[in-house]
Amino acid sequence: MIAITGANGRLGHALALALHSRGLAEGIRLTTRDPAQAQDLTALGFQVVAADFSSPASLDAAFSGVDKLFLISATGATPVRIPLHRNAIDAAVRAGVRRIVYTSRVNPSSSSPYSFAAIHEDSEARIRASGLVWTFLRNNEFSENLDPWLEEARRTGVLEYGAKGRIAFVCRQDVIDASIAALTGNGHEGKIYELSGPEALDRDQIAAVLSQACGRSIRSSGGSAEDFSAVMAAQGRPDFIVALAAGIYRASEAGEWARPSGDPERLTGRAPLGLSAYIRSKFAGLE
Ligand SMILES: NC(=O)c1ccc[n+]([C@@H]2O[C@H](COP(=O)([O-])OP(=O)(O)OC[C@H]3O[C@@H](n4cnc5c(N)ncnc54)[C@H](OP(=O)(O)O)[C@@H]3O)[C@@H](O)[C@H]2O)c1
């Protein structure tokens, strides 16, 4: 039995749909805090059960009889999320899970200015010490996170997305395909894969690609780390996300997420979609 956590998240839900479309729904248990929200997945033949990383008892029930676990990292501030992940890893050990695939992050180091990196450093260390057979999928920033920023820039002519340095953005579909390969294939034990896109762009380059795709002048706002935090705050984002903005600015400035790894194509056998192509696919011809 394979279990996948986070069925109602963007990644978890899309991963489940992709598994179903490949005829792989049978024998997969999906866990979520709210099974009622996942009735579409139940209807497709998945077992959907309740589990919350804050409730060890719910995890014990959800992981019972599971051989392989795809653990999708949760959301929330760093001090909240570290114990949540520890709960999930410890429950996997108690349940006798043999193998775990964990969605980590590129450069999971607590010395990163990106404070969420410390979560992944802790979770990876917990998993390494657990005795579970592991695979780490270190995801880069998803291209889809840019969508609202790109939409706004198309309207206003100014890209407010504040990360200063180059980032090898990766598309969610490429993460999903690589995740399925790592979860269902052989030979991935003890391996770390960086799921990055093939092209690293900074905000000026992103604005230039968007400008060309839309056929109108769009520039980056070019703001500071503090400006990026202020933009996030004005959007009404939660405090822990506003606090993260400066870390995104500085980690990208330091080049922490700038390396195209080649790992998505090594896992899937096909080239992932680069950020320029992603932007053009969404915006070309839209003036
Ligand atoms: N977006 C990115 O650029 C990016 C990059 C690198 C890594 N990641 C990681 O990938 C994860 C998934 O991304 P996403 O776009 O799918 O995020 P999302 O749509 O915000 O989903 C958040 C996920 O966290 C789960 N979750 C939250 N609190 C939980 C709890 N207490 N117990 C169990 N599960 C909990 C949710 O599961 P249910 O709602 O089903 O319970 C859901 O699957 C993120 O949380 C992040 O750690 C994201």
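Refer to the structure presented above.
Worth saying up front: this structure is predicted, and the values here are computed from it rather than measured. (Residues numbered from 1 in each chain as written. Predicted model: local features only at pLDDT ≥ 70, side-chain atom pairs only at ≥ 80, totals over all residues.)

A few words on the environment of A95. Turning to its location among the elements, A95 is positioned in helix α4 (residues 78-95). Once you skip the residues sitting within four places of it in the chain, A95 turns out to touch D60, F63, S64 and V66. (Helix = DSSP H or I, 4+ residues; strand = E, 2+ residues; numbered from the N terminus. Contact = placed C-beta atoms within 7 Å.)

With that settled, the discussion passes to the sheet that holds strand β5 (residues 99-105). Sheet strands pair by backbone hydrogen bonding; their relative direction is either parallel or antiparallel. With parallel pairing, seven strands are arranged side by side in an open sheet as β3-β2-β1-β4-β5-β6-β8. Of all the strands in the sheet, the pair left with one neighbour each is β3 (47-50) and β8 (191-195). The average undirected angle you get between the axes of adjacent strands in this sheet is 20°. In terms of strand pairing, strand β1 (residues 2-4) meets strand β2 (residues 28-32) through three bridges, oriented parallel. Paired with I2 across the strands is I28, a residue of β2. Against the sheet, helix α5 (residues 117-130) engages β5 and β6 (133-139), with an angle of about 160° to β5. Sheet contacts for helix α7 (residues 172-184): β1, β4 (68-71), β5, β6 and β8; angle to β6, the most-contacted strand, approximately 170°. (Pairing = 2+ DSSP bridges. Axes fitted to C-alpha atoms, helices over the stretch in contact; angles between N-to-C directions.)

So, about the packing of α4 against α5. Packing of α4 against α5 leaves a shortest axis separation of 9 Å and a crossing angle of 20°. In terms of their interaxial angle, α4 and α5 are classed as roughly parallel. Both α4 and α5 take part in a crossing whose hand is right-handed. Contact residues: α4 offers T78, R81, I82, H85, R86, I89 and V93, while α5 offers A118, I119, D122, S123, R126, I127 and S130. Partitioned by chemical class, the residues of the contact of α4 with α5 number six nonpolar, four polar and four charged. (Parallel < 35°, antiparallel > 145°, perpendicular 65-115°, else oblique. Left-handed = near helix turned anticlockwise from the far one by under 90°. Nonpolar A, V, L, I, M, F, W, Y, C, P; charged D, E, K, R; others polar.)

Let's shift gears to the pairing of β5. The element β5 is extensively covered by neighbouring structure, given that six of its seven residues are classed as buried. One ladder, built from four bridges, connects β4 with β5; its direction is parallel. Residue pairing across strands places K68 opposite R99, the latter belonging to β5. Pairing of β5 with β6 involves seven bridges; the strand directions are parallel. Bridge assignment links S104 to a residue of β6, and that residue is R138. Handedness of the crossover joining β5 and β6 through α5: right-handed. (Buried ≥ 20, exposed ≤ 12 C-beta atoms within 10 Å, placed from the backbone. Right-handed = clockwise from strand over helix to strand, strands pointing away.)

Moving on, we get to the environment of V175. Structurally, V175 is set in helix α7. Using a count of 25 C-beta atoms within 10 Å as the deciding quantity, one classes V175 as buried. Along the sequence, V175 and T103 sit 72 residues apart, while their C-alpha atoms lie 9.8 Å from each other. Setting aside its immediate chain neighbours within four residues, V175 contacts L11, N139, V170 and L195.

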